[in-house]
Amino acid sequence: MTKQWSYSKWNDYDICPSRFKYKYFDKLSDGGDDLTVVHFGADGTNEGDDEAKWCLEAFGEFASDRPKVFIPDERLSAFVAVEGFPVMARGTYIHKLAENYLKGMIRELPKELHKFSVQFLLLRDAAARGEATWTFDENYEPCELFAREAYVRVKTDAHVLNVESGVMRVIDYKTGRIKPYNEQKELYAFAAFARFGTDQVKAVQVELWFLDHGGPPSKETFAAWQLGDLRKTWNKRVAKMQADERFDPRPSNFCNWCTYSKSKGGPCAY
Ligand code: SF4
């Protein structure tokens with residue numbers, strides 16, 4: 001495996017090193033990377049019912065004359081595929097709506113974003129930049145997306161700099177359950193300082209918008225003087241992942257729906 005990493009790769013490792021190995025070394029599908037299906041409810045919550053309703057409604061709007069196939073699978077999760085229509089994961093779909101709204105390609109705020117209607121309006125008025133990927137080399141110097149020296153890529157949903165105050169807002173849209181995502185907040189702050197420099201960016205305000213829930217965004221602000229600490233922290237996390245040669249299993253509740261678990265016929269002993 002290359003040394004290249006991203007937040008999602010590190011997060012997979014943090015959840016379970018064995019799972020990480022199956023996915024990235026052994027290249028066994030984790031069932032979550034196929035965007036030709038909509039996948040939901042796999043975490044065992046009853047969110048699945050709402051998601052099923054959403055999916056049928058959403059794709060019904062676009063493809064009411066097309067056949068819909070609803071296939072429950074053995075993990076108490078479900079897949080919906082709509083024949084002849086490019087179906088994407090719900091989270092991806094909603095992110096796309098937000099992106100197109102920011103770009104002005106969708107004039108009216110989609111209903112999926114209504115719980116953040118004021119925030120989206122203000123964000124669009126502030127001319128925030130939508131989806132972006134910040135790529136860095138091993139010294140955390142910015143580089144081209146597909147440069148040979150690319151080491152880490154950080155994807156942001158939206159960001160906007162207040163030139164007067166030097167405060168950069170980095171926004172991450174979240175679908176599904178509310179969680180703290182503390183490490184991801186730290187990575188966004190680190191990446192924003194590294195990408196734009198502390199001459200320009202004096203502070204980074206990371207905001208998580210839990211689109212399904214509404215309410216004020218979960219915010220954390222980082223000052224430029226924290227850059228060194230953020231870098232050290234992330235170096236330590238990544239070094240641990242890169243030095244691991246054992247990839248021991250880390251059993252947890254996650255095993256209940258892990259594709260690699262024994263109960264799902266996977267290679268893991270748990
Ligand atoms: S079943 Fe549990 S221990 Fe095994 S790979 Fe999956 S998450 Fe890790």
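Note that the structure is predicted; figures quoted are calculated from it, not measured.

Undergrad: Please clarify how unusual backbone geometry should be interpreted in this entry.
TA: Among all residues except glycine, the phi angle is most often negative; among peptide bonds, the trans geometry is most common. Phi is positive for Ala127, close to 55°, though the residue is something other than glycine. Along the chain, the position of Ala127 falls in the loop between helix H5 (117–125) and strand S5 (132–136). Ala127 sits in the exposed class, given 8 other C-beta atoms within 10 Å. A positive phi angle, near 50°, is found at Phe247, a position not held by glycine. A count of 17 C-beta atoms within 10 Å places Phe247 in the partly exposed class.

Undergrad: Even after reading the chapter, I still don't get the packing of helix H1 (residues 7–15) against helix H2 (residues 17–25), so can you show me in this structure?
TA: The angle between the axes and the distance between the axes are what describe a pair of packed helices. Following both chains from N to C, one finds H1 and H2 inclined at 135°, their axes separated by 5 Å at the closest point. The pairing of H1 with H2 is recorded here as oblique in orientation. Between H1, through Lys9, Asp12, Tyr13 and Ile15, and H2, the contact on the second element is made entirely by Pro17, Arg19, Phe20, Lys23 and Tyr24. Tallied by class, residues from the contact of H1 with H2 come to five nonpolar, no polar and four charged.

Undergrad: Would you mind showing me how to read the sheet that holds strand S8 (residues 167–174) here?
TA: Whenever strands of a sheet pair, they do so through backbone hydrogen bonds, lying parallel or antiparallel. The sheet built from four strands is open, its strands ordered S7-S8-S9-S10 with mixed pairing. This sheet does not close on itself; its edge strands, each paired only once, are strand S7 (158–162) and strand S10 (218–223). On average, each strand axis in the sheet is inclined to that of its neighbour by 15°, with strand direction left out of account.

Undergrad: What's the story with the packing of helix H6 (residues 182–196) against helix H7 (residues 227–243) in this structure? I'm lost.
TA: Where H6 contacts H7, the two axes come as close as 9 Å, and the packing angle between them is 120°. By the angle between their directions, the pair H6 and H7 is classed as oblique. Considering how the two elements wind past one another, H6 and H7 form a crossing that is left-handed. Together, Glu186, Leu187, Ala189, Phe190 and Phe193 of H6 and Leu227, Leu230, Arg231, Thr233 and Trp234 of H7 make up the contact between the two elements.

Undergrad: Help me understand the confidence of the model for the chain in this model?
TA: Atom-level detail of predicted coordinates should not be read off regions where pLDDT is low. With 77% of its residues at a pLDDT of at least 70, the chain reaches an overall mean of 81. Below a pLDDT of 50 lies the segment residues 33–49, which in the model reaches 39 contacts outside its immediate sequence neighbourhood of four places, other chains included. For residues 59–88, every residue scores under 50 in pLDDT, and the model assigns this stretch 54 contacts once sequence neighbours within four places are set aside.

Undergrad: Can you help me understand H6 in this one?
TA: An α-helical segment advances 3.6 residues per turn. Residues three or four places apart therefore align on the same side. When the terminal C-alpha atoms of H6 are compared, their 22 Å separation across 15 residues agrees well with the 21 Å that a helix rising 1.5 Å per residue should span. Burial runs high along H6: eleven of the 15 residues are buried. Immediately beyond the C-terminal end of H6, within one or two residues, lies Gly197, with a positive phi of roughly 85°.

Undergrad: Honestly, the sheet that holds S5 in this entry has me stumped. Any pointers?
TA: Read from one edge to the other, the open sheet built from three strands follows the order S1-S6-S5, with strand pairing classed as mixed. Each of the sheet's edge strands pairs with one partner strand only, and the pair in question is strand S1 (5–6) and S5.

Undergrad: Explain the site of the ligand to me, please; I cannot follow it from the model alone.
TA: The full set close to the ligand counts 13 residues, and Cys16, Pro249, Cys255, Cys258 and Cys268 are the nearest of them. A class-by-class count of the residues in the shell around the ligand yields nine nonpolar, two polar and two charged.

Undergrad: Could you clarify how one ought to interpret the environment of Cys16 in this entry?
TA: Structurally, Cys16 can be placed in the loop between H1 and H2. By C-beta crowding, Cys16 is classed as buried, having 23 other C-beta atoms within 10 Å.

Conventions adopted
- Residues numbered from 1 in each chain as written.
- Predicted model: local features only at pLDDT ≥ 70, side-chain atom pairs only at ≥ 80, totals over all residues.
- Helix = DSSP H or I, 4+ residues; strand = E, 2+ residues; numbered from the N terminus.
- Buried ≥ 20, exposed ≤ 12 C-beta atoms within 10 Å, placed from the backbone.
- Axes fitted to C-alpha atoms, helices over the stretch in contact; angles between N-to-C directions.
- Parallel < 35°, antiparallel > 145°, perpendicular 65-115°, else oblique.
- Contact = placed C-beta atoms within 7 Å.
- Nonpolar A, V, L, I, M, F, W, Y, C, P; charged D, E, K, R; others polar.
- Pairing = 2+ DSSP bridges.
- Left-handed = near helix turned anticlockwise from the far one by under 90°.
- pLDDT = per-residue confidence, 0-100.
- Expected span 1.5 Å × (residues − 1).
- Near = placed C-beta within 6 Å.

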